[in-house]
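# Coordinate analysis (summary)
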Amino acid sequence: MRQAQAAEASLIRALTRTARAVALRIEPLLKQEGLSLDGWLVLDALAAGDGLTMTELAGRTLVTGPTLTRVVDRLVTTAAAYREVDAEDRRRVRVYLAPRGRGAHQRATARLVEVERELDPDGGVLAKLSEVE
């Protein structure tokens, strides 16, 4: 009996289930902008910076290499982002947020803020999770 209770009370299991439940809740909102969750994470990282390398994007989004490449390719194809060779190091390519991507990011983020307010009205959950990072 105690093992079953311990398994049900697993923090990792609870966080994983919560993350998946939130993803299922927000994916339809993101889809309205033609974005996946990973696509929004990339746009969000790009919105906060002035051009990022793929390594920097991977670090900020925690999206794995092959998936990140597909996501960025799709964002470039839809004109939400664009690539340019780094002016200081021509071996590197930087990804930038295009105007179309900025608009999609702003609209999607406004929808996500509403969901965040429903899930964490007083900000206590976010504050607690921020302590972990």
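Note that the structure is a prediction, hence the values are computed from the model and not measured.

### Thoughts on the environment of L75
With respect to the element layout, L75 can be found in helix α5 (residues 65-77). Between the C-alpha atom of L75 and that of G39, which follows or precedes it by 36 residues, the distance is 7.3 Å. Sequence-distant contacts of L75, that is, excluding residues within four places in its chain, are made with L35, G39, V42, L43, A80 and A81.

### Here we look at a nonpolar patch on the surface
On the surface, L11, L15, V125 and L129 cluster together into a nonpolar patch covering about 380 Å² of accessible area. If you list the elements that add at least two residues to the nonpolar patch, you get α2 (11-31) and α7 (124-132). Relative to the helices and strands, L11 resides in helix α2. Relative accessible area serves as the criterion here: at 60%, L11 is assigned to the exposed category.

### A closer look at the environment of H105
Relative to the elements of secondary structure, H105 occurs in helix α6 (residues 99-119). Relative accessible area serves as the criterion here: at 10%, H105 is assigned to the buried category. Sequence separation between H105 and T55 is 50 residues; the distance between their C-alpha atoms is 21 Å. Apart from residues no more than four positions distant in its own chain, H105 is found in contact with W40, L43, D44 and A47.

### Brief notes about the side chain of D86
Its place among the elements puts D86 in the loop between β1 (81-85) and β2 (93-97). A distance of 2.7 Å separates the side chain of D86 from the backbone nitrogen of E88, its partner in a polar contact. D86 has contacts with R92, V93 and R94, leaving out every residue within four places of it along the chain.

### A look at the packing of helix α3 (residues 37-47) against α6
Their axes nearest at 10 Å, the elements α3 and α6 cross at an angle of 110°. In terms of orientation, α3 and α6 fall into the roughly perpendicular class. Two packed elements cross with a definite hand, and for α3 against α6 that hand is left-handed. Here α3 contributes W40, L43, D44 and A47 to the contact with α6, which in turn contributes G101, R102, A104, H105, A108, T109 and L112. In terms of residue class, the contact of α3 with α6 is made up of six nonpolar, three polar and two charged.

### Here we look at the nonpolar core
L30, L35, V42, L43, L46, L57 and L75 are the most contacted members of the largest nonpolar core, which totals 23 residues. At the level of secondary structure, the elements contributing two or more residues to this core comprise α2, α3, α5, β2 and α6. Take this core: its biggest share by element is five residues, from α3. Excluding its chain neighbours within four sequence positions, the residues that come into contact with L35 are L30, W40, L43, L75, A104 and A108.

### Structural notes on α2
Here α2 spans 30 Å end to end across 21 residues, near enough to the 30 Å set by a 1.5 Å rise per residue. The largest bend along α2 measures about 30° and falls at R25, with the proline P28 one to four residues further on. Those residues of α2 that are buried lie in contact with α3 and α6.

So, how was this worked out
Residues numbered from 1 in each chain as written. Predicted model: local features only at pLDDT ≥ 70, side-chain atom pairs only at ≥ 80, totals over all residues. Heavy atoms only, no water. Helix = DSSP H or I, 4+ residues; strand = E, 2+ residues; numbered from the N terminus. Contact = heavy atoms within 4.5 Å. Patch = residues over 30% accessible without salt bridge, like charges linked within 9 Å, V, L, I, M, F, W, Y side chains within 5 Å. Areas by Shrake-Rupley, 256 points an atom, 1.4 Å probe, with all protein chains shown as cover. Salt bridge = Lys/Arg side-chain N within 4 Å of Asp/Glu carboxyl O. Buried < 20%, exposed > 50% of the residue type's maximum accessible area, 1.4 Å probe, protein only. Polar contact = N/O pair within 3.5 Å; in protein donor to acceptor, adjacent residues only side chain to side chain. Axes fitted to C-alpha atoms, helices over the stretch in contact; angles between N-to-C directions. Parallel < 35°, antiparallel > 145°, perpendicular 65-115°, else oblique. Left-handed = near helix turned anticlockwise from the far one by under 90°. Nonpolar A, V, L, I, M, F, W, Y, C, P; charged D, E, K, R; others polar. Core = buried A, V, L, I, M, F, W, Y, C linked by side-chain atoms within 4.5 Å. Expected span 1.5 Å × (residues − 1). Bend = angle between axes of the 7 residues up to and from the residue.

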